[in-house]
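Here are the chains, one letter per residue:
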Amino acid sequence: MNKNTHRPSAKALSWTRYWRSGFQNTCFFADEAFSVESDWRAFFSEAATGAKIIDLATGNGALAWIAAGVARDSHRDIAIVGVDFADISPADLAGVDAELLQLVAFVGSTDLAQLPFADAEFDFASSQFGFEYAEESSALMELRRVLKPGGKARFLIHASEGVVHEATTQRQRRARLMLESGQIIPLLEELAKAATSASAPRVAKIQKRISAKVDLISRKFKQLPADDLVFELCREAKVFIAAVGQVPAIELSARVRHLAEEVRAYTLRLNAMQQAARNAGQMQGLCQSADAAGFTLSNYEAYHVDGQQVGWIFKTQASD
Ligand SMILES: C[S@@+](CC[C@H](N)C(=O)[O-])C[C@H]1O[C@@H](n2cnc3c(N)ncnc32)[C@H](O)[C@@H]1O
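Note that the structure is predicted; figures quoted are calculated from it, not measured.

Draft legend 1. Up close: the packing of helix 6 (residues 163-181) against helix 10 (residues 249-276). Contact geometry for helix 6 and helix 10: axes closest at 10 Å, N-to-C directions at 150°. Taken together, helix 6 and helix 10 sit at an angle that is classed as roughly antiparallel. For the crossing formed where helix 6 meets helix 10, the hand is left-handed. Across the interface between the two elements, His165, Thr168, Thr169, Arg171, Gln172, Ala175 and Leu179 from helix 6 touch Val263, Tyr266, Leu270, Asn271, Met273 and Gln274 from helix 10. Tallied by class, the residues present in the contact of helix 6 with helix 10 amount to 6 nonpolar, 6 polar and 1 charged.

Structure follows, in C-alpha cells:
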C-alpha cells in the first residue's frame, strides 16, 4: 500500500484535528445517539471467512470496529481496512480493544478517489456519512476497481431533509451567533494584547465583557454536545479569563491562535457536511452514475431511526 504523499488539504486537516482530539463515535450524529449498529452488523454478517471489507472515510473507525466485532463474535477470519483522507490513528485512542485492532488496518491520508489497493481486493465496502464527501465519479470508479465482481457496498449517506443535516444547520447558526455577533475571538485577542501592555482596569473591563457574553450564550444554549464549537469556546473563554495574570502573555496569544484555528476547522467541517447532503433526486443520480461505473442493482431508500430520517441507505453491487 502506497500512501499519498502530497500535502493534505485544509479540509483533510480539519478532519485530522477532529479525529486526533479523540472523538470515537460518528461525528455530528444529529447530536443524538441513533442506534444503527444492528443494521451494520447484519450487513457485515454476510462476510464469510476469508472475506475482506473496506470501510470508506472511516474517521476513527466507527464502522470498522463494528465489522471487527462481528468477525470476532462469529469466529470468522475477516480482514477489515478503514481508509480516510484525514491523518487518522484510531489505534492510539484510549480504550482501544487490542484484540479487535488485530483485525483492522487503518490507512489515513488517502482520498477515496485514489485508493492504494490492488484491483478486485475487497468483497464488501461500507461507508457511514463518508462516501458522499468525496468526488463522486472518481470515488465510484475507484470503488469499482477495488471491489471483486459481485462485491457489495452499503452506504449511509447524509440526507438534505434529514435530522443530521438539520442539526448541522443549528450548529452553524449557533457558531455564527457566537463568532459574528459575539465577536468572541477578536475579544480574546484584545484581552491577550491588553494583558501585555494595558492597565489593570482595562484588562478587567475586557474580561467583564467576555464573561457577560459567555454567560448570555451559555444561558441561551444549554446542554450542548461536547464537540459543539459554542460549548468549546464558552469553556475555553472562561479558562482564558482566569489565566490572565497567571500565565505569560505570549502563551495567551498562542491560545487565541489555537482557538482561531479550531474555529476555522469546525467551520470547514460543517460546510463540508452541508455540501455532502443529498436529496432524493441526487440519490437517483448516484444510482445512475454507479450503474454507469460498472455497478448493478444500485438502489436507495430513506433510512429512519426512531421515526426520524437519519439519512439514505445506498446499496450497490459490482457487476460480474
Ligand atoms: C462525517 S465523518 C464520518 C466518519 C466515519 N465514517 C464515522 O461514521 O464516524 C466524514 C469523514 O469523511 C472523510 N473524508 C471526506 N472527504 C474524503 C475523501 N475525499 N476521501 C477520503 N475521506 C474523506 C473525512 O476525513 C471524515 O473522516
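From this point, things continue past the structure.
Draft legend 2. Focus on the site of the ligand. Taken together, 18 residues lie around the ligand, and Trp19, Ala57, Asp84, Leu112 and Gln128 are the ones closest in. Taking glutamine 128, its main chain carries an N or O atom lying 2.8 Å from a nitrogen atom of the ligand. When the free accessible area of the ligand is taken as 600 Å², the share hidden by the protein chains comes to 98%.

Draft legend 3. The sheet that holds strand 2 (residues 79-83), seen in detail. Read from one edge of the open sheet, 7 strands run 3-2-1-4-5-7-6, paired in mixed fashion. The strands lining the two open edges of the sheet, one partner per strand, are strand 3 (104-107) and strand 6 (295-305). Strand-to-strand twist in this sheet, taken as the mean axis angle between neighbours without regard to direction, amounts to 15°. Pairing of strand 6 with strand 7 (residues 308-318), which is carried by 9 bridges, proceeds in the antiparallel orientation. Each residue of the ladder has a partner; that of asparagine 299, found in strand 7, is lysine 315. Taken strand by strand, helix 3 (residues 62-73) contacts strand 1 (52-56), strand 2, strand 3 and strand 4 (122-128), and its axis lies near 165° from that of strand 3.

Draft legend 4. Representation of the pattern of salt bridges. What the rule picks out here adds up to 18 salt bridges. Measuring nitrogen to oxygen at the nearest pair gives 2.8 Å for the salt bridge that ties arginine 145 to glutamate 142. Placement of both arginine 145 and glutamate 142 in helix 5 (residues 136-146) is noted, with a separation of 3 residues, approximately one turn of the helix. Accessibility expressed as a relative area gives 26% for arginine 145, which makes it partly exposed. Notably, a salt bridge pairs arginine 174 with aspartate 228, separated by 2.5 Å at the nearest N-O pair. In this pair, arginine 174 sits in helix 6 while aspartate 228 sits in the loop between helix 8 (200-220) and helix 9 (229-243), placing the two residues 54 residues apart along the sequence. Considered together, arginine 174 and aspartate 228 belong to a single accessibility category, that of buried residues.

The rules behind the values
Residues numbered from 1 in each chain as written. Predicted model: local features only at pLDDT ≥ 70, side-chain atom pairs only at ≥ 80, totals over all residues. Heavy atoms only, no water. Axes fitted to C-alpha atoms, helices over the stretch in contact; angles between N-to-C directions. Helix = DSSP H or I, 4+ residues; strand = E, 2+ residues; numbered from the N terminus. Parallel < 35°, antiparallel > 145°, perpendicular 65-115°, else oblique. Left-handed = near helix turned anticlockwise from the far one by under 90°. Contact = heavy atoms within 4.5 Å. Nonpolar A, V, L, I, M, F, W, Y, C, P; charged D, E, K, R; others polar. Near = heavy atom within 4 Å. Polar contact = N/O pair within 3.5 Å; in protein donor to acceptor, adjacent residues only side chain to side chain. Areas by Shrake-Rupley, 256 points an atom, 1.4 Å probe, with all protein chains shown as cover. Pairing = 2+ DSSP bridges. Salt bridge = Lys/Arg side-chain N within 4 Å of Asp/Glu carboxyl O. Buried < 20%, exposed > 50% of the residue type's maximum accessible area, 1.4 Å probe, protein only.

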